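Topology and contacts: notes
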Amino acid sequence: MLPRMQVKSLMQKLSIKEEKNAVFFLKRLEGWINKNGNTTISLAKGINKILDDIHYREIQKAKELKKINLEGIKHPYLKKYGKEIIELHEQGLGVRRIQKWLWEAHRAKISHSSIYRFIKKCL
């Protein structure tokens, strides 16, 4: 197994977001080499196939995380505009700016602390 610093470097170079996926990549690559040999074409095919699989998994995980559970929310405006609040937060807007935007766009008065707790709960 590679030292932690080399795994971090590998993650950066291959655009892998989680360390467990980098370890998974190394194990699958080792199995691919043992099964198909150590030729350049075989390695290129194996690396591309494994990376596609890892990136697909990361995309699926991100989609699952984006699903917002609004069932425990009691505030009517947070329920109604929850998805917009999360989208604005992901765009980089702060809690106060989101609060101001909600007032200007929908005339919805929500305290900044409620918005902050909602974002913290959802993300």
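The notes below deal with the structure included here. (Residues numbered from 1 in each chain as written. Predicted model: local features only at pLDDT ≥ 70, side-chain atom pairs only at ≥ 80, totals over all residues. Heavy atoms only, no water.)

**Some words on the packing of helix H5 (residues 95-106) against helix H6 (residues 112-122)**
Cut-off, in case you're wondering: Note on geometry: axes are C-alpha line fits, over the in-contact stretch for helices, and angles between N-to-C directions span 0 to 180 degrees. What counts as a helix is a DSSP run of H or I of at least four residues, what counts as a strand is a run of E of at least two, and both are numbered from the N terminus. Our angle categories are set so that under 35 degrees counts as roughly parallel, over 145 as roughly antiparallel, 65 to 115 as roughly perpendicular, and the remainder as oblique. By definition, any crossing whose near helix is turned counterclockwise from its far helix by less than a right angle is left-handed, and any crossing with a clockwise turn is right-handed. Between two residues, a contact is recorded if the distance between any of their heavy atoms is within 4.5 Å. Under this grouping Gly is polar, as are all residues other than the nonpolar Ala, Val, Leu, Ile, Met, Phe, Trp, Tyr, Cys and Pro and the charged Asp, Glu, Lys and Arg.
The interhelical angle for the contact between H5 and H6, taken along N-to-C directions, is 115°, at an axis separation of 9 Å. When the axes of H5 and H6 are compared, the pair comes out roughly perpendicular. Judged by the twist between their axes, the crossing of H5 over H6 is right-handed. Here H5 contributes Val95, Arg96, Ile98, Gln99 and Leu102 to the contact with H6, which in turn contributes His112, Ile115, Tyr116 and Ile119. The residue makeup of the contact of H5 with H6, split by class, is six nonpolar, two polar and one charged.

**A look at the pattern of salt bridges**
Under the convention used in this document: One speaks of a salt bridge when a side-chain nitrogen belonging to Lys or Arg is within 4 Å of a carboxyl oxygen belonging to Asp or Glu. Note on classification: 1.4 Å probe, protein chains only; a residue is buried when its accessible area is under 20% of the maximum for its type, exposed when over 50%, partly exposed between these limits.
Enumeration over the complete set of coordinates arrives at two salt bridges. Across the salt bridge formed by Arg28 and Asp53, the nearest N and O atoms sit 2.5 Å from each other. Linking Arg28 in helix H2 (residues 19-36) with Asp53 in helix H3 (residues 40-66), this pair joins segments that are 25 residues apart in sequence. Residue classification places Arg28 among the partly exposed positions, given a relative accessible area of 30%. Look at Asp53 and you get partly exposed, because its relative accessible area is 24%. Asp53 is the salt-bridge partner of Arg57, the closest N and O atoms lying 3.9 Å from each other.

**A short note on unusual backbone geometry**
With a phi close to 55°, Arg107 is a non-glycine residue in the positive phi region. With respect to the helices and strands, Arg107 occurs in the loop between H5 and H6.

**Looking at the nonpolar core**
For the record, the criterion: Here, nonpolar core refers to any group of buried Ala, Val, Leu, Ile, Met, Phe, Trp, Tyr and Cys residues whose side-chain atoms link them within 4.5 Å.
Counting residues in hydrophobic clusters, the biggest one holds 13 residues, and the most contacted among them are Leu78, Ile85, Ile98, Leu102, Ile115, Phe118 and Ile119. Of all the secondary structure elements, the ones that give two or more residues to this core are helix H4 (76-90), H5 and H6. Ranked by residue count, the leading element in this core is H4, at five residues.

**Quick look at the packing of aromatic side chains**
Condition: Here a pair means two rings of Phe, Tyr or Trp (six-membered ring of Trp) with centres within 6.5 Å. Their orientation is stacked below 30 degrees between planes, edge-to-face above 60, and tilted elsewhere.
Taken as a whole and judged by the stated rule, the model has one aromatic pair. Centroid distance Tyr77 to Tyr81: 6.2 Å. Interplanar angle 25°. Geometry classified as stacked. Taken together, the positions of Tyr77 and Tyr81, both in helix H4 and four residues apart, correspond to about one turn of that helix. Residue Tyr81 is classed as buried on the basis of its relative accessible area, which comes to 8%.

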